[in-house]
Amino acid sequence: MIIEVVATAVWTMLPAYVPNNVAVLAGGGAPIDGGRTLGGRRILGDGKTWRGTGVGTLAGVVVAFGLNGMLPTLTEMGARLEPFSLGAAIGLASGAMLGDIAASFIKRRSGRQRGVPLPVIDQLDFVVGAISCAGILAPRWTIETFTLPVVIAVLILTPVLHLGTNAGAYVLGFKKEPY
Ligand code: CTP
Ligand code: MG
């Protein structure tokens, strides 16, 4: 039972986890805010780029369909998982990027420079974005997938996985901060 909930949580959130990590690898180039400021501070900052956002979103959608391709094998092994619809795939991936961008907007408004950590928000911004956007683009899929136990598992597992992968990216030299 608990294994099923955890498996569903990880499976469902993979297309939302991957975009942030791919954005770190693909980032660079023109910032989304074009260097513009709001009230003397950058709107988003140099850490949110067109390339990172675009490649990250695409990667999330590709992961969703890659997972769909693995579904027959996993089902045969006894897993009970739902395939991603196109709306769900796009919603999870773009929502993850949008949530992260929204958090940067809030960080800049509160005077935090690029890269300064904002615990809890940093770990959950993309979860809120992903579930919200999936809810808009694939409402039925979202209601059926994100049951209360799954949401609770996502809220517990995400910060752990997020901190783990970020620490790994830092050790490998892909990220400036280990969070
Ligand atoms: N990145 C990107 N585009 C995004 C998100 C991330 O290009 N939409 C890249 C940037 O190179 C960024 C790195 O991934 O520096 C790490 O992402 P993140 O921690 O979200 O950005 P920070 O640099 O910490 O900036 P912020 O303070 O705004 O979160
Ligand atoms: Mg950061």
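Residues numbered from 1 in each chain as written. Chains lettered and ligands numbered in written order. Predicted model: local features only at pLDDT ≥ 70, side-chain atom pairs only at ≥ 80, totals over all residues. Heavy atoms only, no water.

- Per an unreviewed UniProt entry, the protein goes by the name CDP-archaeol synthase and belongs to Haloquadratum walsbyi J07HQW1.
- Of the protein, the UniProt comment under Subcellular location (unreviewed entry) reads exactly: "Cell membrane".
- According to UniProt, the comment filed for the protein under the heading Cofactor (unreviewed entry) is "Mg(2+)". (UniProt positions renumbered as here; feature names shortened; annotations may be inferred.)

**Overview of the nonpolar core**
Piece 1. Core analysis: the biggest nonpolar cluster contains 28 residues, and M13, F84, L92, W141, F146 and V154 have the highest contact counts within it.
Piece 2. Broken down by secondary-structure element, the contributors of at least two residues to this core are α1 (2-26), α2 (50-76), α3 (86-109), α4 (121-137) and α6 (148-171).
Piece 3. With six residues, α1 is the single largest residue contributor to this core.
Piece 4. Leaving out residues up to four positions away in the same chain, M13 has contacts with V127, A130, F146 and V154. (Core = buried A, V, L, I, M, F, W, Y, C linked by side-chain atoms within 4.5 Å. Buried < 20%, exposed > 50% of the residue type's maximum accessible area, 1.4 Å probe, protein only. Helix = DSSP H or I, 4+ residues; strand = E, 2+ residues; numbered from the N terminus. Contact = heavy atoms within 4.5 Å.)

**Comments concerning the packing of α1 against α2**
Piece 1. Contact geometry of α1 with α2 gives a least axis separation of 7 Å together with a crossing angle of 145°. The chirality of how α1 crosses α2 is right-handed.
Piece 2. Taken together, the residues that form the contact of α1 with α2 break down as 15 nonpolar, five polar and one charged. (Axes fitted to C-alpha atoms, helices over the stretch in contact; angles between N-to-C directions. Left-handed = near helix turned anticlockwise from the far one by under 90°. Nonpolar A, V, L, I, M, F, W, Y, C, P; charged D, E, K, R; others polar.)

**Examining the site of ligand 1**
Piece 1. Taken together, 16 residues sit near ligand 1, with K48, T49, S104, R114 and G115 positioned nearest.
Piece 2. Contacts to ligand 1 include G47, whose backbone N or O atom sits 3.1 Å from a nitrogen atom.
Piece 3. If ligand 1 stood free it would expose 560 Å²; the protein chains cover 88% of that surface.
Piece 4. The pocket occupied by ligand 1, as judged from atoms lying within 2 Å of grid points, is the largest pocket. (Near = heavy atom within 4 Å. Polar contact = N/O pair within 3.5 Å; in protein donor to acceptor, adjacent residues only side chain to side chain. Areas by Shrake-Rupley, 256 points an atom, 1.4 Å probe, with all protein chains shown as cover. 1 Å grid on protein atoms, 1.4 Å probe; cavity = no way out; pocket = protein on both sides within 12 Å on 5 of 7 lines; lining within 4 Å. Sits in = over half its atoms within 2 Å of the grid points.)

**Remarks on the side chain of D122**
Piece 1. Mapped onto the secondary structure, D122 falls in helix α4.
Piece 2. Judged by relative accessible area, D122 falls into the buried class, the value being 13%.
Piece 3. Within the local environment of D122, its side chain forms a polar contact with the side chain of K107, the two groups lying 2.8 Å apart.
Piece 4. For D122, the residues in contact, after removing those within four places along its chain, are K107, V116, P117 and H162.

**Focus: the layout of surface pockets**
Piece 1. By volume, the largest pocket amounts to about 810 Å³.
Piece 2. Taken together, 34 residues line the largest pocket, and the ones lying closest to its centre are V24, G47, K48, R114 and K175.
Piece 3. For the lining of the largest pocket, the secondary structure elements donating two or more residues are α1, α2, α3, α4 and α6.
Piece 4. Ranked by residues supplied to the lining of the largest pocket, first place goes to α3 with six residues.
Piece 5. The residue makeup of the lining of the largest pocket, split by class, is 10 nonpolar, 13 polar and 11 charged.
Piece 6. T8, R80, E144, T145 and V150 are the residues nearest the centre of the second largest pocket, which is lined by 15 residues in total.
Piece 7. Contributions of two or more residues to the lining of the second largest pocket are made by α1, α5 (139-145) and α6.
Piece 8. For the lining of the second largest pocket, the leading source of residues is α1, giving five residues. (Points joined across faces, edges and corners; volume = space filled by probe spheres on them.)

**Describing a nonpolar patch on the surface**
Piece 1. The grouping of F65, L86, I90, I136 and L137 at the surface amounts to a nonpolar patch, some 480 Å² of accessible area in total.
Piece 2. At the level of elements, α3 and α4 are the ones that each hand at least two residues to the nonpolar patch.
Piece 3. With respect to the secondary-structure elements, I90 resides in helix α3. (Patch = residues over 30% accessible without salt bridge, like charges linked within 9 Å, V, L, I, M, F, W, Y side chains within 5 Å. Salt bridge = Lys/Arg side-chain N within 4 Å of Asp/Glu carboxyl O.)

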